[in-house]
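Remarks on the overall topology
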Amino acid sequence: MLRKHLFVTTARPFNFALRSYSIHSVDASVLDFTKRNAIISKNLSHYYPSLSNVQGHANLVSLGEFLRSFRTISTDQPHLRTTVRGRIHSIRYLGKNMCFIDLTTTSASLQLILNYNLLKKHSSASTLSSEEFFQHIHGLKPGDHIQATGFPGLSQREKTLSLKCTSQTTVLSPAQLPLPPKLIDPIKRKQNRVVDYLVNGHTSLVQRHRIIRSLRQFLDSQEFIEVETPILSGKSNGAAAEPFVTRSKSLDTNLELRVAPELWLKRLCVGGIDRVYEIGKVFRNEGIDATHNQEFTTLEFYQSYTSMEELIQLSEQLLKHVISNIEPTPISLELSSKLEQNGWKFKRVEFLPTLSQETGIDFTALDIDNPSCLLAALGERGITVPSSLSTSPQQILNKLCAEFIENRHCNDLLPTVIYHHPAVMSPLAKGNPGDGMLTTKRFEIFIRGKEYINAYEEENCPQTQLDKFELQNLARQRYGDKESLPVDTAYVNAMKWGMPPIGGFGLGIDRLCMLLLGKQRIEEVLSFGCVDDVNRQ
């Protein structure tokens with residue numbers, strides 16, 4: 001029969017003690033989670049105390065602070081009382097009167113040593129019996145959050161820096177479900193990320209944090225201002241993508257989730273902020289696959305008075321900064337070596353000359369704004385375009401770029417710049433005067449066949465930008481191309497206040513994390529996976 005467990009005050013440790021079982025005949029099943037949960041459910045306020053009422057936390061330090069402060073000790077320091085808090089990762093028992101607890105937090109782990117004789121020597125609770133100590137340590141479970149007080153010392157055999165406890169631990173929050181000893185199945189891992197992180201750790205999240213931090217460090221060092229721009233608006237714009245649509249009850253109107261922050265950020269440049277960036281979520285109502293999620297994180301920055309060539313150089317410097325300032329991974333080391341061998345410069349291929357070389361078609365002699373001309377020239381060369389594809393020139397050229405440039409020239413780990421995209425594909429980019437505005441001052445950067453960066457000199461003439469919007473709107477009506485940009489007269493009117501020459505840059509942060517962490521699927525670098533994974537949790 002379970003007896004009422006011992007509580008004096010919240011400052012005292014919690015004891016899962018049993019009355020009718022002797023120390024030698026304790027039934028293990030009585031101490032399992034089901035039995036323990038029955039005890040917890042009757043005393044919830046005790047097992048989930050407010051930290052304001054938990055005593056005995058003089059000299060409270062984090063695990064990391066403890067390790068840094070005492071890493072050089074060569075002997076026990078019984079005069080230094082210290083308190084730590086953390087989550088139990090594992091418990092190892094040594095006989096009846098001693099156990100070792102591995103305590104963890106996000107960034108550190110520490111060994112606790114609970115020794116009955118040591119507690120008796122240093123604790124004011126001199127009446128603590130061996131059986132009560134036994135019940136206490138066997139009542140603890142992996143997953144419990146606890147507070148422990150003791151002094152820094154070294155384990156006897158391995159000389160491991162440890163906290164040698166001088167009193168029983170205090171439970172701050174008990175685990176009510178047992179963790180599996182391992183979790184390998186990728187489906188099960190995706191369906192319960194909480195358990196996945198508890199069993200397999202959260203290294204990927206920490207590394208993602210460091211990658212994003214390094215991006216911010218680089219831009220902050222270049223005197224950029226970080227901002228947040230609207231996610232909801234009456235008209236999303238700034239990228240060739242289909243938006244999500246929702247409805248505002250209070251405004252009684254439809255709203256769209258942004259597909260890109262671009263036009264808002266360029267408004268800020270018009271407003272006088274010469275260097276601006278945003279790291280945030282964008283939403284596109286498109287498919288989900290290994291490298292695409294409908295909700296994803298981007299970095300966009302805009303710098304006044306910046307040419308395409310200067311943007312390429314900034315891209316090279318940014319990537320060098322990131323891979324030089326994160327914890328090395330096998331792929332980041334390989335990428336660093338590749339770039340160093342190439343003088344930290346990217347490989348370059350020009351869009352139309354490369355496409356002409358691969359297909360045998362002189363695209364500079366064609367009206368590439370006319371899909372009939374494009375399809376006829378392709379047909380003469382036996383090149384077909386999928387019937388499911390929109391017949392807009394933008395979609396046709398996108399398909400040709402993927403097949404003949406990206407697949408054939410961008411599979412190396414060394415980043416490859418595809419530059420001077422046709423104007424019909426780049427409605428927000430400045431035209432290229434070198435070829436009569438047939439192409440633009442735009443480039444994309446690919447690594448191992450995947451796009452990471454899209455950047456260009458921004459169109460800053462309001463009249464020209466309006467003409468480009470209208471051509472996009474015509475393509476939407478004529479070809480049913482849902483990815484064509486709508487006319488945004490409010491943005492054009494903002495440009496009339498005087499938009500400086502601007503270089504704009506967009507980076508897919510999720511893909512960058514995939515690359516540097518060696519992950520094959522985007523859900524592996526998202527805290528709770530893709531949208532379909534999120535819905536299962």
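Residues numbered from 1 in each chain as written. Predicted model: local features only at pLDDT ≥ 70, side-chain atom pairs only at ≥ 80, totals over all residues. Heavy atoms only, no water.

1. Section: the sheet that holds strand β10 (residues 253-257)
Read from one edge of the open sheet, 3 strands run β8-β10-β9, paired in antiparallel fashion. The two strands at the open ends of the sheet, each matched to only one other strand, are β8 (232-233) and β9 (245-248). For β9 and β10, the ladder comprises 4 bridges, and the chain directions are antiparallel. Paired with S248 across the two strands is T253, which belongs to β10. (Pairing = 2+ DSSP bridges. Helix = DSSP H or I, 4+ residues; strand = E, 2+ residues; numbered from the N terminus.)

2. Brief notes about the sheet that holds strand β13 (residues 347-350)
The strand order across the open sheet built from 8 strands is β7-β11-β12-β17-β16-β15-β14-β13, with neighbouring strands paired in mixed fashion. The open sheet has two edge strands, β7 (225-226) and β13, and neither has a second partner. Sheet analysis places β7 next to strand β11 (residues 275-283), joined by 2 bridges and oriented parallel. The residue of β11 that forms the bridge with I225 is V276.

3. Side note on the state of the cysteines
By the definition in use, this model includes 0 disulfides. In this structure C269 is not part of a disulfide, and its nearest cysteine sulfur, from C461, lies 17 Å away. The class of C269 is buried, set by a relative accessible area of 3%. Cysteine C530 is unpaired, with the sulfur of C513 as its nearest cysteine sulfur at 14 Å. (Disulfide = S-S within 2.5 Å. Buried < 20%, exposed > 50% of the residue type's maximum accessible area, 1.4 Å probe, protein only.)

4. Some remarks on the pattern of salt bridges
For the coordinates displayed, the defined rule picks out 25 salt bridges. Residue E262 pairs with K266 through a salt bridge whose shortest N-O separation is 2.9 Å. Within this pair, E262 and its partner K266 are both found in helix α9 (residues 262-270), separated by 4 residues, close to a single helical turn. Across this residue pair, the class does not change: E262 and K266 are buried. R267 is the salt-bridge partner of D488, the closest N and O atoms lying 4.0 Å from each other. Of this pair, D488 sits in the loop between α15 (462-479) and α16 (489-495) while R267 sits in helix α9, and the two are 221 residues apart along the sequence. Note on D488: relative accessible area 8%, which makes it buried. Via salt bridges that share partners, K190, R521, E523, D533 and R536 belong to a single interconnected network. (Salt bridge = Lys/Arg side-chain N within 4 Å of Asp/Glu carboxyl O.)

5. Side note on α15
The end-to-end C-alpha distance of α15, which contains 18 residues, comes to 25 Å, matching closely the 26 Å that a straight helix rising 1.5 Å per residue would cover. All of the buried residues along α15 are P462, Q465, K468, F469, Q472, A475 and Y479. Projected down its long axis, α15 shows its buried positions confined to an angular sector of 145 degrees, all on one face. Along α15, exposed side chains directed more than 90 degrees from the buried face belong to L471, Q477 and R478. In this structure, the buried residues of α15 make contact with α13 (371-380), α14 (393-409) and α16. (Expected span 1.5 Å × (residues − 1). Arc of directions from axis to C-beta. Contact = heavy atoms within 4.5 Å.)

6. What about the nonpolar core?
Soluble globular proteins tend to bury their nonpolar side chains together. Counting residues in hydrophobic clusters, the biggest one holds 47 residues, and the most contacted among them are L299, F443, F505 and L516. The leading source of residues in this core is helix α10 (residues 308-325), at 8 residues. Leave out the neighbours within four places in its chain, and F505 touches L299, E300, F301, Y302, L311, S315, L318, I453, N454 and A455. Among the nonpolar cores identified, the runner-up in size contains 27 residues, and L112, L114, Y116 and I137 belong to it. (Core = buried A, V, L, I, M, F, W, Y, C linked by side-chain atoms within 4.5 Å.)

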